[in-house]
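Listed below are the residues making up each chain.
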Amino acid sequence: MRVLDPSGSMAGNDGSGSTRIAAARKAVGTVADALPDGYPTGLRVCGADKAKGCDDTRLVQPVTALDRAGLKRAVAGVEPKGDTPIGLSLRRAAGGLPGPAHGSMGKRTSLLISDGGDTCQAPPPCKVAAQLAASGVDLHIDAIGFQVAGAARTRLECLAKAGNGR
């Protein structure tokens, strides 16, 4: 499950003359292109629908067989707008992951693509990642950060470490 942060701060400069959201779109495309055909993939966004609101998280595509073009179109259709409820989005993303097939325990991954700024702080993203990682399923939470430094970098590193990810 990809969790994309197209909140207001993602309209900022990415350091190369473009925007963070443009870099995030490219990153999603690169990840999608690297996945094998049919790989189970979904997309959730946070901060895309309201100018303000710590409940602003939406499932864009449920986990199904990879549709590269559809995933890229979905990401292209979101614009930076509001707040950033990362903790809530991670929790809901985990709830949208399929159970193990045929009773097997299979690795599941949530990939957060963000500039690291959680404007909501409730629930705390690092704590949510730790709870999800300890829930008894093989869940890993990875993070891709754009223009992250200081506290934002620390938050993403905490989230990835607590979530058994990178």
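Located above this text is the structure these notes cover.
Structural notes, computed from the coordinates. Just so it is clear, the model here is predicted, and its values are computed rather than measured. (Residues numbered from 1 in each chain as written. Predicted model: local features only at pLDDT ≥ 70, side-chain atom pairs only at ≥ 80, totals over all residues. Heavy atoms only, no water.)

1. Considerations on unusual backbone geometry
- A positive phi angle, close to 55°, is found at Gln147, a residue other than glycine.
- Within the fold, Gln147 resides in the loop between strand S5 (139–145) and helix H5 (150–162).
- A residue is classified by how much of its surface remains accessible, and Gln147, at 45% relative accessible area, is partly exposed.
- Unusually for a residue other than glycine, Asn164 sits at a positive phi of about 60°.
- Take Asn164: its relative accessible area is 42%, and that puts it in the partly exposed class. (Helix = DSSP H or I, 4+ residues; strand = E, 2+ residues; numbered from the N terminus. Buried < 20%, exposed > 50% of the residue type's maximum accessible area, 1.4 Å probe, protein only.)

2. A short note on the pairing of S5
- Bridge analysis of strand S4 (residues 108–114) against S5 gives seven bridges, and the strand direction is parallel. Of the residues in S5, the one forming a bridge with Arg108 is Leu139.
- In this fold, S4 hands off to helix H4 (residues 125–133), which returns the chain to S5; that crossover is right-handed. (Pairing = 2+ DSSP bridges. Right-handed = clockwise from strand over helix to strand, strands pointing away.)

3. What to know about the nonpolar core
- Formed by 20 residues in total, the largest nonpolar core has its most connected members in Leu4, Ala24, Leu43, Val45, Leu71, Ile113 and Phe146.
- For this core, the secondary structure elements donating two or more residues are helix H1 (20–34), strand S2 (40–46), helix H2 (68–76) and S4.
- For this core, the leading source of residues is H1, giving six residues.
- Not counting the four nearest positions on each side in its chain, Leu71 is found in contact with Val28, Ala32, Thr41, Leu43, Gln61 and Leu66.
- Listed in part, the 16 residues of the second largest apolar core include Ile86, Leu112, Leu132 and Ile141. (Core = buried A, V, L, I, M, F, W, Y, C linked by side-chain atoms within 4.5 Å. Contact = heavy atoms within 4.5 Å.)

4. Brief notes about the side chain of Asp142
- Following the sequence through the fold, Asp142 ends up in strand S5.
- Lacking a salt bridge, the buried Asp142 has Arg166 as its closest oppositely charged neighbour, with an N-O distance of 4.4 Å.
- Reaching out from Asp142, the side chain makes a polar contact with the backbone nitrogen of Arg166 at a distance of 2.7 Å. (Lys, Arg positive; Asp, Glu negative; His and termini not counted. Salt bridge = Lys/Arg side-chain N within 4 Å of Asp/Glu carboxyl O. Polar contact = N/O pair within 3.5 Å; in protein donor to acceptor, adjacent residues only side chain to side chain.)

5. Section: the sheet that holds strand S3 (residues 57–65)
- Across the sheet, which stays open at both edges, the five strands sit in the order S3-S2-S1-S4-S5 with mixed pairing between neighbours. If you trace the sheet from one side to the other, it starts and ends with S3 and S5, each paired once. Across this sheet, the average inter-strand angle for adjacent strands is 15°, counted without regard to direction.
- Judged from the three bridges that link them, strand S1 (residues 2–4) and S4 form a sheet pairing that is parallel. From the neighbouring strand, Val3 faces S4, where its bridge partner is Leu112.
- Each of S1, S4 and S5 is contacted by H1, which is oriented at about 155° to S4, the strand it contacts most. (Axes fitted to C-alpha atoms, helices over the stretch in contact; angles between N-to-C directions.)

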